[in-house]
Structure formats: C-alpha cells, structure tokens
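# Report on the structure
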Amino acid sequence: MNDVDRKILAELQQDGRLTITELAERVGLSVSPCHRRLRALEHSGAIAGYRADLDAHALGLTFEALIFVTMHAADRNTVDAFEQAVAAVPHVLQAQRLFGDPDYLLRVITRDLPAFQRLYDDRLATLPGVQRLSSTLVMKSVVENRPLPL
C-alpha cells in the first residue's frame, strides 16, 4: 500500500458515496487507474464494505451500555459457543475478547431502560458460559465512528 492508496482510503472514510470520477479527482489520478486501485483495495480486504452511518438517537435507540462479561471457563468449546451466540444478538454493536479479567466487553444499544433490562435478563445473562455480567451506562459518546488513522 502506498500514499495514493492511503489517500483513496482516507477519502472513502470521509464520504463512501463518492463517484469514481470524484474520487479520482480528489486523489490526483485519472479514472481508470483510480478504479483499478479501488478494486485492488476491495479484493485485498482493506475495504471490507460500504454502509450508511445511521443516527441511533434519530431511530429511537437512546440507551447504550457497556457490559463486562466474565466466563466460567475459557476452553475452546465454551468460548466458541459464547462468541457464536453473542454474534447473533442484534443489539450487541461490538463484542471484544479481552486479556485478563473480565473476558469480554460488549457495547449494546436499546430503546430504553426496560428494553435493556429485557435484553440483559433474557438474552445476555443466558449466553453460553457466562458466569457474571457487570454493566455501566454510557453518559455520552465523545468520539465515535472515527476514521482509521492512515
């Protein structure tokens, strides 16, 4: 990856709806070479996909929490079962496995406190291998959806 590829990625992180003509102009290439580089970045996996950036509050999703998960065991079967099950919960925006204790950090979003309580009690507390959940509420997001540093 060279500087031109990084410029392409930076521009697309700012506006993923750029036409190939607009992108080429911004990075100082003609359309054909820019298109080839874009396809190469997609095929290499550097560009994983394209999507709209939605406003959770505008959609009524106003309650966000971070949940720390401690597992009762760390064997492969337990970890795999937990990770597959948590990936199937749509309200889990992020799930990260951590070193040390706790074992996982989940970022979840719901409409309100009662919806969060139902999610917590009915889905998250019953995930395979969970020993303990501990949650904290998000007061406000200070940095969110920041482009990756290139």
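Attention in this report is confined to the structure presented alongside it. The model shown is predicted, which means the values in this text are computed figures rather than measured ones. Per chain, the residues get numbers from 1 upward, laid out in the order the sequence is written. Restriction of local features to residues with pLDDT of at least 70 applies here, the model being predicted, together with a cutoff of 80 or more for giving and counting side-chain atom pairs; totals for whole chains, interfaces and linings are based on all residues. As a rule here, side-chain values cover all heavy atoms of the structure and leave hydrogens and water aside.

### Overview of the pairing of strand β2 (residues 92-97)
Rules: A strand pair is defined by DSSP finding two or more bridges across the two strands. Helix numbers and strand numbers start at the N terminus; a helix is a DSSP run of H or I with at least 4 residues, a strand a run of E with at least 2.
Judged from the 5 bridges that link them, β2 and strand β3 (residues 104-110) form a sheet pairing that is antiparallel. Among the inter-strand pairings, Arg97 is bridged to a residue of β3, identified as Tyr104. Between the antiparallel neighbours β2 and β3 lie 6 residues, among them Gly100 with a positive phi of about 80°.

### Digging into the pattern of salt bridges
Worth spelling out the cut-off: The salt bridge definition used is simple: a Lys or Arg side-chain nitrogen within 4 Å of an Asp or Glu carboxyl oxygen. Any residue under 20% of the maximum accessible area for its type is buried, any over 50% is exposed, and the rest in between are partly exposed; the area is computed with a 1.4 Å probe on protein chains only.
Within the structure shown, the criterion is met by 7 salt bridges. The salt bridge partner of Arg37 is Asp5, with a shortest N-O separation of 3.0 Å. Remark: Asp5 occurs in helix α1 (residues 3-14) and Arg37 occurs in helix α3 (residues 31-44); sequence separation between them is 32 residues. Its salt-bridge partner being Glu144, residue Arg107 comes within 3.4 Å of it at the nearest N-O pair. In this pair, Arg107 sits in strand β3 while Glu144 sits in the segment after β4 (130-137), placing the two residues 37 residues apart along the sequence. For Glu144, a relative accessible area of 42% translates into the label partly exposed. Linked through salt bridges whose partners overlap, the residues forming this network are Glu64, Arg107 and Glu144.

### Some words on the nonpolar core
This is how the line gets drawn: As used in this record, nonpolar core signifies buried Ala, Val, Leu, Ile, Met, Phe, Trp, Tyr and Cys residues forming a set joined through side-chain atoms within 4.5 Å. In this description, contact between two residues means that some pair of their heavy atoms is separated by no more than 4.5 Å.
One finds Ile67, Val69, Phe82, Leu106, Val108 and Leu124 to be the most contacted residues of the largest nonpolar core, which totals 19 residues. Looking at this core, the elements with two or more residues in it are β1 (63-71), α4 (76-87), β3, α5 (113-124) and β4. Among the elements that line this core, the one with the most residues is β1, at 5 residues. Apart from the residues lying within four places of it in its own chain, the contact partners of Val108 are Phe63, Glu64, Ala65, Ile67, His91, Val92, Leu93, Phe116, Leu119 and Leu124. Within the second largest apolar cluster, 12 residues are counted, among which are Leu12, Ala24, Val27 and Cys34.

### A look at the packing of aromatic side chains
Operational definition: Whether two aromatic rings pair depends on their centres lying within 6.5 Å, for rings of Phe, Tyr and Trp, where Trp uses its six-membered ring; planes under 30 degrees apart make the pair stacked, over 60 edge-to-face, and the rest tilted.
Across all of its chains, the model carries 3 aromatic pairs by this definition. Measuring from ring centre to ring centre gives 5.2 Å for Phe63 and Phe116, while their planes differ by 40°; the resulting arrangement is tilted. Pair noted here: Phe63 is in strand β1 and Phe116 is in helix α5, with a separation of 53 residues, a long-range link. Under the relative-accessibility criterion, Phe63 is labelled buried at 15%. Look at Phe116 and Tyr120: their rings are 5.8 Å apart centre to centre, the planes differ by 50°, and that puts the pair in the tilted class.

### Brief notes about the side chain of Thr78
You can see Thr78 is positioned in helix α4. A relative accessible area of 14% means that Thr78 is categorised as buried. Beyond its immediate stretch of four places on either side in the chain, Thr78 contacts Met71, Ala73 and Gly129.

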